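Chain by chain, the residues:
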Amino acid sequence: MNPVTQPTEPPAAATALRACADLAETAVCLARLAGTAAQADFCGVFLLDYTGTELLLRAVWHAGAGASAPHGHSLPLGSQDPVCFSLQTGTEYTVRDGIPNAAFPSLDLLRPHKAAARLTALPLPAWKNRSLGGLLLGFGRDRAPAIDPQPLCDLGALLLEAHLQRQKEDLLLHSLNEDLSRLEQGSQCLRIVESFFLGKSPATLRVREQIARAAPTDVAVLITGETGTGKEVAASALHAASRRRAAPFIKINCAALPAHLLESELFGHRKGAFSGADSDNPGLLRSAHGGTVLLDEIGEMPSELQAKLLRVLQDRQVRPLGSSKTFPADIRIIAATNKSMREVLESGSFRADLYHRLAGLHIHIPPLRERPEDIPLLAQHFLIQMRDTLRRPGLSLTSESLRLLGGLDYPGNVRQLCNRIQAAAVMAGPAAGRLTPEAFSPVESPAAEEEDLRSGGLARNLRLLEEKLIKRALARCSGNVAEAARELHLPRSTLVSKLKKLAPPHNTEASRPQRRQLSRSGAPYGYYV
């Protein structure tokens, strides 16, 4: 009869280990079971960290005191220590004959200020001959463990490895969820920005991408661009797509008020701080607490206020006029200007340290002439606004009107385009359903025309007059080149040649269909023969 094979670990110990819920509980249980089974005075469980360069003390057990899971204790893997020797060799390592406390780092961690008669270190083997760490048994007297603890260490190592793998998977899943959340947030920001900053040109797409990336942060943003390009719209998009969207968005024009009034409006004042201060005023910076402040025309800010604004940006504290107390100001600053900040800095009228504080991120809004592909989309958007304002849902733009608008100059940029749409919609009258090119004929005052004539020479004025007459004729003929040529008493080929000279250069993908049309009809601007 074959003898019955005895289990390599006590069934109760194996059951206790398998019942542990996580890594820390398993390490504490292993230290307690191994120390108790070996009849040791103390026991410690060491596991390699994620870098594989240090052994972290995960559990400590003392006879009569129980087990615990300490934090922040470790020893370098290359230490002269029984645990390191056992881990490197993969076998049991024993030291005996009175060991002082300072002899080994692991002994000092487990039993501070006390010596030991015997130390036994055992490896914790993992999958494919790897080691997770080691287990250290300490004895007050020089005697061997009551039973061989290695089988218990083997089972504990398998369970510890399973918990470690689960931790890694949880960390990976958490990282993936964070990445997904960031992607969703970026997509949401981009959708919000698209609803504010319209356009499809490459230049507009770049600006939208910059706004969407900057919006979730609290980085200060400097927005530059010509008058009417949409700097305030970009600032509104930054606020609407940020985590501060539910808080106030306050706009301040630094050029609209004298220095003493601007200081009071920005920083606030106490009652009696100056003549006319009949009550406390918290100021716009404090009123925007938790939100966003747009400092428009920042290049016009008086120099005496620049130092005070710099202090607010550095300390996030506001001190009202006439007060000795400061108040917190959790705000995001967006600055905007139509000036060249390099020239302003070189002139010495603006502090360089304040500029660097404000220009954490620089977003430049290109003028409308650099993104003509956006004109039809913007024109339709402004027309929809006028439909609601005038309560004329049938109001629309003809294709000839869109082509005409695309060929006009816009020194005032998007604001000028908006004004043209508004003026055409209002002047068309309530009976008009579609806005034809005639609705956009330029109307200039005699004084403006006289000033324009005085500012240039004969050749320039003749060229401008010729261009104006050609555009008006084309507008009256709904873009028909042949009819316009007859009205101007010109051969059609001569008018086509003049239109080619007047046509703006096209270097984008969107202009390729126009070039193909030009090769068929000879007429630029989208006009037809």
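Preceding this section is the structure that the text describes.
Residues numbered from 1 in each chain as written. Predicted model: local features only at pLDDT ≥ 70, side-chain atom pairs only at ≥ 80, totals over all residues. Heavy atoms only, no water.

Moving on, we come to the overall build of the protein. Counting its secondary structure elements, the protein contains 20 helices and 16 strands. Burial status across the protein gives 41% buried among its 529 residues. Taking the intrachain contacts of the protein between residues at least 6 apart in sequence as the baseline, contacts between residues at least 24 apart amount to 64%. Element-wise, carbon and sulfur atoms account for 54% of the exposed surface of the protein, whose accessible area totals about 27900 Å². (Helix = DSSP H or I, 4+ residues; strand = E, 2+ residues; numbered from the N terminus. Buried < 20%, exposed > 50% of the residue type's maximum accessible area, 1.4 Å probe, protein only. Contact = heavy atoms within 4.5 Å. Areas by Shrake-Rupley, 256 points an atom, 1.4 Å probe, with all protein chains shown as cover.)

Turning to helix α3 (residues 82-89), a few remarks are in order. Of all eight residues making up α3, six are buried, and the element is well covered by its neighbours. The N-cap residue of α3 is D81: its side-chain oxygen and the backbone nitrogen of V83 are 3.0 Å apart. Looking one or two residues beyond α3, the residue adopting positive phi is G90, at roughly 75°. (Polar contact = N/O pair within 3.5 Å; in protein donor to acceptor, adjacent residues only side chain to side chain.)

The next subject is the pattern of salt bridges. Pairs may arise between side chains of opposite charge once their charged atoms sit close together. Scanning the model with the defined rule gives 13 salt bridges in all. With its nearest N and O atoms 2.7 Å apart, the salt bridge here joins K498 to E466. Of this pair, K498 sits in helix α19 (residues 492-502) while E466 is found in helix α17 (residues 458-476), placing the two residues 32 residues apart along the sequence. Through salt bridges that share partners, D218, R243, R244 and D330 make up one connected network. (Salt bridge = Lys/Arg side-chain N within 4 Å of Asp/Glu carboxyl O.)

So, on to the side chain of T204. Position of T204 among the secondary structure elements: in helix α6 (residues 202-214). At 2.4 Å, the side chain of T204 and the side chain of D374 are in polar contact.

Counting residues in hydrophobic clusters, the biggest one holds 31 residues, and the most contacted among them are L30, V45, L124, L132, L135, L137 and L160. Of all the secondary structure elements, the ones that give two or more residues to this core are α1 (11-18), α2 (23-38), β1 (42-48), β2 (54-62), β6 (116-125), β7 (131-139) and α5 (150-196). If one sorts the elements of this core by residue count, α2 sits on top with eight residues. In terms of nonpolar packing, the next biggest core, distinct from the first, is built from 29 residues, L285, L305, A329 and I331 among them. (Core = buried A, V, L, I, M, F, W, Y, C linked by side-chain atoms within 4.5 Å.)

Another point: the packing of helix α8 (residues 259-267) against helix α10 (residues 303-315). Two elements in contact, α8 and α10, have axes whose closest approach is 10 Å; the angle formed by their N-to-C orientations is 10°. Our classification of the angle between α8 and α10 gives roughly parallel. Taking contact as the criterion, the partners of A259, L262, E263 and F267 in α8 are, on α10, E304, L305, K308, L309 and V312. Partitioned by chemical class, the residues of the contact of α8 with α10 number six nonpolar, no polar and three charged. (Axes fitted to C-alpha atoms, helices over the stretch in contact; angles between N-to-C directions. Parallel < 35°, antiparallel > 145°, perpendicular 65-115°, else oblique. Nonpolar A, V, L, I, M, F, W, Y, C, P; charged D, E, K, R; others polar.)

Another point: the packing of aromatic side chains. Under the defined criterion, the tally for this structure stands at one aromatic pair. Taking NZ or CZ as reference, R286 lies 3.8 Å from the ring centre of F327, over its face. The positively charged end of K308 is found above the aromatic ring belonging to F267, 4.7 Å away from the centroid. (Phe/Tyr/Trp six-rings, centres within 6.5 Å; stacked < 30°, edge-to-face > 60°. Lys NZ or Arg CZ within 6 Å of the ring centre and 35° of its normal.)

Because side chains alternate across strand β9 (residues 249-253), one face comprises the buried residues I250 and I252, and the other comprises F249, K251 and N253, none of which is buried. As judged from the five bridges shared by β9 and strand β10 (residues 292-296), these two strands associate in the parallel manner. Each residue of the ladder has a partner; that of N253, found in β10, is D296. (Pairing = 2+ DSSP bridges.)

What the five strands build is an open sheet, ordered β9-β10-β13-β8-β14; its pairing is parallel. The open sheet is flanked by β9 and β14 (361-364), the only strands paired with a single partner. Ignoring strand direction, the axes of neighbouring strands in this sheet form an average angle of 20°. Across the face of the sheet, α6 comes into contact with β8 (221-224), β13 (332-337) and β14 while running at roughly 150° to β14.

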